[in-house]
Amino acid sequence: MLIKIPKSWQLRDSDATPQNIYKDRRRFMAGVLKGTGVAMAGGIAGSLIGRDAFAAWVRGEKLANVVKSQYTVDEDLTPYESVTEYNNFYEFGTGKDDPFDNAKDFVTRPWTIEIAGEVAKPGTYDIEDLLRSEQLEERVYRHRCVETWSMVVPWVGVSLASIIKRLEPTSKAKYVAFETLLDPERMPGQHRRVLQWPYVEGLRLDEAMNPLTLLATGVYGEVLPPQNGAPIRLVTPWKYGFKGIKSIVRITFTEKEPPTSWNLSAPHEYGFYANVNPDVSHPRWSQAKERKVGEFFKRPTVIFNGYGEEVASLYTGMDLAKKF
Amino acid sequence: MSTRTLTLPNSLSIQAPYRVTWWLMFTVMALPLAWLVGLGLTGGLGANPIEFINRYLGDWALRSLLVTLAATPLKILFGWVWPVRMRRMLGLWAFAYVALHLTNYVVIDNFFAWGDIWKDIVKRNFITVGMIAFLILLALAATSWNGAIRRLGAKSWKRLHRLVYVAAALGCLHYIWMVKADLLAPTVHSVILALLLSVRAWHIFRSQPR
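Residues numbered from 1 in each chain as written. Chains lettered and ligands numbered in written order. Predicted model: local features only at pLDDT ≥ 70, side-chain atom pairs only at ≥ 80, totals over all residues. Heavy atoms only, no water.

Topic: the overall build of chain B
Here's step 1: In terms of helices and strands, chain B carries 12 helices and 0 strands.
Here's step 2: Its helices and strands in sequence order give chain B the pattern α-α-α-α-α-α-α-α-α-α-α-α, from N to C terminus.
Here's step 3: A principal-axis box enclosing the C-alpha atoms of chain B has dimensions of 60 × 50 × 40 Å.
Here's step 4: Buried positions account for 42% of the 210 residues belonging to chain B.
Here's step 5: Considering only intrachain contacts with a sequence separation of at least 6, the fraction spanning at least 24 residues in chain B is 66%.
Here's step 6: For chain B, the accessible surface area stands at approximately 12400 Å², while carbon and sulfur atoms represent 71% of it.
Here's step 7: Charge separation in chain B, taken as the distance between the mean sites of 21 positive and 6 negative side-chain charges, equals 25 Å. (Helix = DSSP H or I, 4+ residues; strand = E, 2+ residues; numbered from the N terminus. Buried < 20%, exposed > 50% of the residue type's maximum accessible area, 1.4 Å probe, protein only. Contact = heavy atoms within 4.5 Å. Areas by Shrake-Rupley, 256 points an atom, 1.4 Å probe, with all protein chains shown as cover. Lys, Arg positive; Asp, Glu negative; His and termini not counted. Charge placed at Lys NZ, Arg CZ, Asp CG, Glu CD.)

Below you can see the structure in the form of structure tokens.
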């Protein structure tokens, strides 16, 4: 029996901001600022209010039917503005604020995901068909970038394991490979060959099946903004952020370890595993400490980003300094 | 120095008095710093202000060094003398940006964690070369006053100050080795440095007696 759950994460046409208002958003914002009498010269406060007014217009729809999950951390969330305006997403430019500026008009529907390789149910799935029967969960995860900054992010998404089970990988499947959309017209950063496009990432099948592994379609209870990897991205909180491949269009089950973008770019700097590890330095900087975005003092980095209880057993007997 | 243009105004000359040009350039060199302060006061430094300040000051340290090193090529190519005359001011601005960049790294980024800083200097190549460039520029800034030229003697002072080329090259290397994948900006800066140096090289080669 097919139970029709509303496509809660889908932005319906009727809900979208009318285009005339959207196109006029800057003037709208100026009006808001004037109306509330905020003096822009008033320093930090004025500027922050201005940012909020703008962010309200680019924010996505609220997601319905989201359950809180057991996965949460007892730390302050990184503000929405930081999560959505400070991004590494080279498909939209290499500057931290480029994705926010350049991904605004990125259209994420219709969106299909090709399932291929060692799997019983290959095919090209509409994202809605792939997600329809999954439960959206909110999970508050720590996020540690390889560049030594970190965040605490309330993702909304579905368990990758649950999707994989439905797709029925064959006994030959040992790895899962992911691929980002390749479309330089829509992703202007792909006009420059900073990395090999499309961006590719991969996990060992047991890592992909770990309960922590999430396919995120939202953040802060809302539809994932384009700059964060809409419509669907990977989140593996015990690994460095670059493993979290964005705007996924292909998932392939493979027998051999798949190539990964940063490893292809600089093999001695970025490994396949990319597990957060304070004892294994990046060749050009230490990984011992991190700065949580918004904080002044650095804090010590924890092995597996604090998720050792959940994932350490995946790597028993492995030399983490060699398999970095 | 500038009295000639002041006391003997020439109706055909559109040259601004040197003193005015000097203050104009001084202000231009201060603009990036003023802009940064402005961003700081209006909350415009982004989600990771410490990283932003670090990158920003590093960028302008290298750029102001390139501006300083453009003085002689401008004289060679166009016969302009005024940039060479204010080279000391330009160079001291370059040093100021380098010093602020380093101060941000030591005080704000690492909050005097000397152990971490020392490990960075010894183990991370891009920081090693950056620190060498700083030490060179420190020596040049410290000997930038007239008394130092007298004490060292013009010849050895000049030889010492040629190290500025080394510092600039190390600055570019520092930038190249720092970035993750996008080499565009460090390449542009390095190419500009290479062009500036080749104008000098070409000039020296041409003026050799044959």
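As for helix H11 (residues 163–178) of chain B
All names here are of chain B.
Here's step 1: Taking 1.5 Å as the rise per residue, H11 with 16 residues should run 22 Å; its terminal C-alpha atoms sit 22 Å apart, in good agreement.
Here's step 2: Within the sequence span of H11, burial applies to Val-164, Ala-167, Ala-168, Leu-170, Gly-171, Cys-172, Tyr-175 and Met-178.
Here's step 3: On its buried face, H11 is in contact with helix H3 (49–69), helix H8 (125–142), helix H10 (154–161) and helix H12 (184–207). (Expected span 1.5 Å × (residues − 1).)

Here we look at the packing of H3(B) against helix H4 (residues 71–78) of chain B
All names here are of chain B.
Here's step 1: In contact at an axis separation of 4 Å, H3 and H4 are set at 35 degrees when each is read in the N-to-C sense. For the pair formed by H3 and H4, the contact residues are Val-67, Thr-68 and Leu-69 on the first element and Ala-71, Thr-72 and Pro-73 on the second.
Here's step 2: Looking at the contact of H3 with H4 residue by residue, the class counts come to 4 nonpolar, 2 polar and no charged. (Axes fitted to C-alpha atoms, helices over the stretch in contact; angles between N-to-C directions. Nonpolar A, V, L, I, M, F, W, Y, C, P; charged D, E, K, R; others polar.)

Some words on the UniProt feature "domain: Ferric oxidoreductase" (unreviewed entry) in chain B
Here's step 1: Using the residue numbers shown here, the UniProt feature "domain: Ferric oxidoreductase" (unreviewed entry) corresponds to residues 58–172 of chain B.
Here's step 2: Across residues 58–172 of chain B, helical content stands at 87% and strand content at 0%; the span's end C-alpha atoms are separated by 10 Å. (UniProt positions renumbered as here; feature names shortened; annotations may be inferred.)

Things to note about the nonpolar core
Nonpolar side chains in soluble globular proteins generally cluster together in the buried interior.
Here's step 1: In this structure, A:Trp155, A:Phe178 and A:Phe253 are the most contacted members of the largest nonpolar core, which totals 81 residues.
Here's step 2: Per-element tally for this core: the top contributor is strand S5 (residues 149–159) of chain A, with 7 residues.
Here's step 3: The contacts of A:Trp155, once residues within four sequence positions are left out, are A:Glu137, A:Glu138, A:Arg139, A:Tyr141, A:His143, A:Leu214, A:Ala216, A:Gly218, A:Val219, A:Leu224, A:Arg233 and A:Val235.
Here's step 4: B:Ile53, B:Tyr56, B:Leu65 and B:Ala70 belong to the second-largest nonpolar core, a separate cluster that totals 48 residues. (Core = buried A, V, L, I, M, F, W, Y, C linked by side-chain atoms within 4.5 Å.)

Some details on the pattern of salt bridges
If charged atoms from side chains of opposite charge come close, those side chains can pair.
Residue and element names in this part refer to chain A.
Here's step 1: Per the stated rule, a full pass over the model turns up 30 salt bridges over all chains.
Here's step 2: The residue Glu-269 makes a salt bridge to Arg-284 at a minimum N-O spacing of 2.8 Å. Of this pair, Glu-269 sits in the loop between helix H9 (261–265) and strand S12 (289–292) while Arg-284 is found in the loop between H9 and S12, placing the two residues 15 residues apart along the sequence. Per residue, the accessibility class of Glu-269 equals that of Arg-284, and both read buried. (Salt bridge = Lys/Arg side-chain N within 4 Å of Asp/Glu carboxyl O.)

Remarks on the interface of chain A and chain B
Much of the literature gives interface size as the accessible area that the parts lose upon coming together.
Here's step 1: With 31 residues of chain A at the contact, the number on the chain B side is 24 residues.
Here's step 2: Across the interface of chain A and chain B, roughly 2200 Å² is buried in total on both sides, 49% from carbon and sulfur atoms.
Here's step 3: It is A:Arg284, A:Arg291 and A:Phe296 that lose the most area in chain A upon contact with chain B, and together they represent 26% of the buried surface on that side.
Here's step 4: Where chain A packs against chain B, one counts 6 salt bridges.
Here's step 5: Ionic pairing is found between B:Asp109 and A:Lys298, a salt bridge with its closest N-O pair at 3.8 Å.
Here's step 6: Remark: the boundary between chain A and chain B carries 14 residue pairs in polar contact (both at pLDDT 80 or more).
Here's step 7: Counting only elements with at least two residues in the side of chain A that touches chain B, the list comes to helix H3 (44–58) and S12 of chain A. (Buried area = accessible area lost by both parts, 1.4 Å probe. Polar contact = N/O pair within 3.5 Å; in protein donor to acceptor, adjacent residues only side chain to side chain.)

Things to note about the packing of H4(B) against H12(B)
Residue and element names in this part refer to chain B.
Here's step 1: At a minimum axis distance of 9 Å, the contact between H4 and H12 shows a crossing angle of 50 degrees. With respect to H12, the axis of H4 lies oblique. At the point where H4 passes H12, the crossing takes the left-handed sense. Counted together, Thr-72, Pro-73, Ile-76 and Leu-77 of H4 and Leu-196, Val-199, Arg-200, Trp-202 and His-203 of H12 form the full contact between these two elements.
Here's step 2: Within the contact of H4 with H12, the residues separate by chemical class into 6 nonpolar, 2 polar and 1 charged. (Parallel < 35°, antiparallel > 145°, perpendicular 65-115°, else oblique. Left-handed = near helix turned anticlockwise from the far one by under 90°.)

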